[in-house]
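This is what each chain is made of:
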Amino acid sequence: MTLSARQAADPAPDEARIPLCVPEISGLEWLRLKACLDSGWISTAGPEVDSFETAFAEWLGARFALATINGTAALHLALIAAGVEPDDEVLMPSFTFIATANAVRYAGAWPVFLDSALSTWQMDVGLLARFLEDDCRSEGGALRNRRTGRRIAALLPVHVLGHPVDMDPVQRLAERFGLPIVEDATESLGARYRGRPVGRDGTVACFSFNGNKMMTTGGGGMLVTDDPKLAERARYLATTAKDDPAEGVHGAVGFNYRLTALQAALGSAQLARLDDFVAAKRRIAARYREGLAALPGVSFMPEPDWAECVFWLASIRVDPEAAPLDRKALGLRLDHAGIATRPFWQPLHLSPAHKDAQSLGGAVAERLHREVLSLPCSCGLTAEQQDRVIAALRAAFR
Ligand SMILES: *Cc1c(COP(=O)(O)O)cnc(C)c1O
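Here goes a summary of the coordinates provided. Numbering of residues begins from 1 in every chain and follows the order in which that chain's sequence is written. Note on the predicted model: pLDDT of at least 70 is required for a residue's local features to be given, and 80 or more for side-chain atom pairs to be given and counted; whole-chain, interface and lining totals, by contrast, use all residues. Only hydrogens and water are set aside when side-chain values are computed; all heavy atoms of the structure are taken into account.

What follows concerns the sheet that holds strand S8 (residues 192-193). Strand pairing within a sheet occurs via backbone hydrogen bonds; the two strands may be parallel or antiparallel. Being paired, for any two strands, means DSSP has found at least two bridges between them. Here a strand is any run of E in DSSP of at least two residues, a helix any run of H or I of at least four, and the numbering for each starts at the N terminus. Pairing is antiparallel across the open sheet formed by three strands, whose spatial order is S9-S8-S15. Of all strands in the sheet, those with a lone pairing partner are strand S9 (196-197) and strand S15 (307-308), marking the two edges. Judged from the two bridges that link them, S8 and S9 form a sheet pairing that is antiparallel. Opposite Tyr-193, over in S9, you have Arg-196 as the bridge partner.

For the rest of this paragraph, the subject is the sheet that holds strand S10 (residues 204-208). Pairing in this open sheet of four strands is mixed, and the strands run S1-S11-S10-S7 from one edge to the other. Unpaired on one side and paired on the other, strand S1 (64-68) and strand S7 (182-184) mark the two borders of the sheet. Taking each pair of neighbouring strands and ignoring which way they run, the sheet shows an average axis angle of 20°. Where S1 lies against strand S11 (residues 221-225), five bridges are found, and the strand directions are antiparallel. Residue Ala-65 lies in a different strand from S11, and its bridge partner there is Val-224. Each of S1, S7, S10 and S11 touches helix H4 (residues 71-81); the most contacted strand, S10, lies at about 165° to it. Here an angle of 0 to 180 degrees is reported between the N-to-C directions of two axes, which are lines fitted to C-alpha atoms, with helices fitted over the stretch in contact. By definition in these notes, contact holds between two residues if any of their heavy atoms fall within 4.5 Å.

Below, the discussion takes up the nonpolar core. Counting 101 residues, the largest nonpolar core has Leu-132, Phe-207, Tyr-288, Ile-316 and Leu-330 as its most contacted members. Per-element accounting of this core gives the leading share, seven residues, to helix H10 (residues 274-291). Look past the residues within four positions of Phe-207 in its chain and what remains in contact with it is Phe-56, Leu-60, Gly-71, Ala-185, Thr-186, Leu-189, Val-198, Gly-199, Gly-220, Gly-221, Met-222 and Val-224. Residues enter a nonpolar core if they are buried and are Ala, Val, Leu, Ile, Met, Phe, Trp, Tyr or Cys, with the set joined through side-chain atoms within 4.5 Å. In this scheme, a residue with accessible area under 20% of its type's maximum is buried, one over 50% is exposed, and one in between is partly exposed, where area comes from a 1.4 Å probe on protein chains only. Counting 33 residues, the second largest nonpolar core, distinct from the first, contains Ala-81, Val-84, Met-92 and Leu-230.

What follows is about the environment of Tyr-257. When you line up the elements, Tyr-257 lands in the loop between strand S13 (249-250) and helix H9 (261-271). With a relative accessible area of 15%, Tyr-257 lands in the buried category. Along the sequence, Tyr-257 and Thr-203 sit 54 residues apart, while their C-alpha atoms lie 20 Å from each other. Each residue touching Tyr-257, except ones within four places of it in the same chain, is listed here: Ala-67, Thr-68, Ile-69, Ala-73, His-76, Leu-77 and Ala-238.

Right, let's talk about the packing of helix H2 (residues 27-39) against H9 for a bit. The N-to-C vectors of H2 and H9 enclose an angle of 150°; their axes lie 8 Å apart at closest approach. Between H2 and H9, the angle falls in the class roughly antiparallel. Between H2 and H9 lies a crossing whose hand is right-handed. Taken together, the residues of H9 that come into contact with H2 (itself represented by Leu-28, Glu-29, Arg-32, Leu-33, Cys-36 and Leu-37) are Ala-261, Leu-262, Ala-265, Leu-266, Ser-268, Ala-269 and Gln-270. Angle categories are assigned with fixed cut-offs, so that under 35 degrees is roughly parallel, over 145 is roughly antiparallel, 65 to 115 is roughly perpendicular, and the rest are oblique. Crossing handedness is read from the near helix: turned anticlockwise from the far helix by less than a right angle, it gives a left-handed crossing, and turned clockwise, a right-handed one.

All right, on to the pairing of S10 then. Among the five residues that make up S10, five are buried, leaving the element largely enclosed by the rest of the structure. The pairing of S7 with S10 spans three bridges and is parallel. Bridge pairing in S10 places Glu-183 opposite Ala-205. Bridge count for S10 against S11 is five bridges, and the pairing is antiparallel.

Centre distance within 6.5 Å is the pairing criterion for rings of Phe, Tyr and Trp, where only the six-membered ring of Trp is used; planes under 30 degrees apart are then read as stacked, over 60 as edge-to-face, and the remainder as tilted. With the rule as written, the count across this model stands at ten aromatic pairs. Taking the centre distance of 5.6 Å and the plane angle of 70° together, the rings of Phe-56 and Phe-209 count as edge-to-face. Taken together, the positions of Phe-56 in helix H3 (residues 47-60) and Phe-209 in the loop between S10 and S11 put the pair 153 residues apart, joining distant regions of the chain. Phe-56 gets classed as buried once you look at its relative accessible area, which sits at 0%. Phe-209 sits in the buried class, given a relative accessible area of 0%. Each residue in the set Phe-52, Phe-56, Phe-207 and Phe-209 is aromatic and connected to the rest through ring pairs, giving one cluster.

None of the figures reported here should be taken as evidence of function without further support.
This is how it looks when you write it as structure tokens:
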């Protein structure tokens, strides 16, 4: 059994089982990790974390990068550093992983959930514009939600499932209403929006290196910005807000959010292979798109001409009106064929954890939850394995 198969998110008793998405670990990771261990600098101090941050910032074309213990911590820090305060509101999509909304609550603020657009599966930018224009008012230099009276503090677009949000109109709204943009790019490292890497269109952007993300450090995250003040504030808060390390003086209630050198060593090795991972995901997506084109009611994740998606989790939408079976039944059929799949998140406006938040629409998010299914898409997925998945899907439709 290979290392990546052992680390499968959904371990299967049967070796022939095809997992959803497992990390791709090679000799380079072993070498970097051993060098790190041999150096004696294994925790948050030392050169390894710095060099990972520098390499990541360079890869993305950003000025500053701060490595964190995970993507959620990066989001928490980014929101605070962007000026989000307790009892503020942050505008974000309902159709995303719960960590995005949790980070807003950690900052003491409230999410306002927006529905998605069926054409992109991303936050409905037209709905965002209508909310800002019609449902908010300017008062004393702040923008307030007419309904709750709370201050709108930030826009939090999430590039869901490897697909960029249409950022130009989001930027125009942010400028017009004087709001910072915190990008949740945790699922879309390597994707491009109008030629620019995702994570370059906001005030600050966050990435995740969890086990099944585009690259992994076991667990980890990165905050990226061009704003020196924001970068400094985030670094300070991530390192327990140390004012005077020698005398043990801390100027605020900070966090212990820094990545360790061991994880950074893994990250540097993975980053060196990121272009290959992106190419692999795009190749897998293209093969699915072609292989599933004839199935009634099945559509592959869209890719508009302004986007270059990474297809983090290669996903299809199964329209039960046109297909002979629905997403749930299809998932079960594939499971019986030894193929792991995954449905997508309960929309956050329905989540018991966020039941007190305001929600704008939600019918599309609910539909995506009912209809979207992710297919096996590890970067190491072989053509034979993928053919097995495609054959099983076609069989289920007969
Ligand atoms: C993975 C993910 C996160 C959080 O990243 P972790 O590293 O797991 O904390 C946040 N938002 C979204 C949309 C994610 O998919």
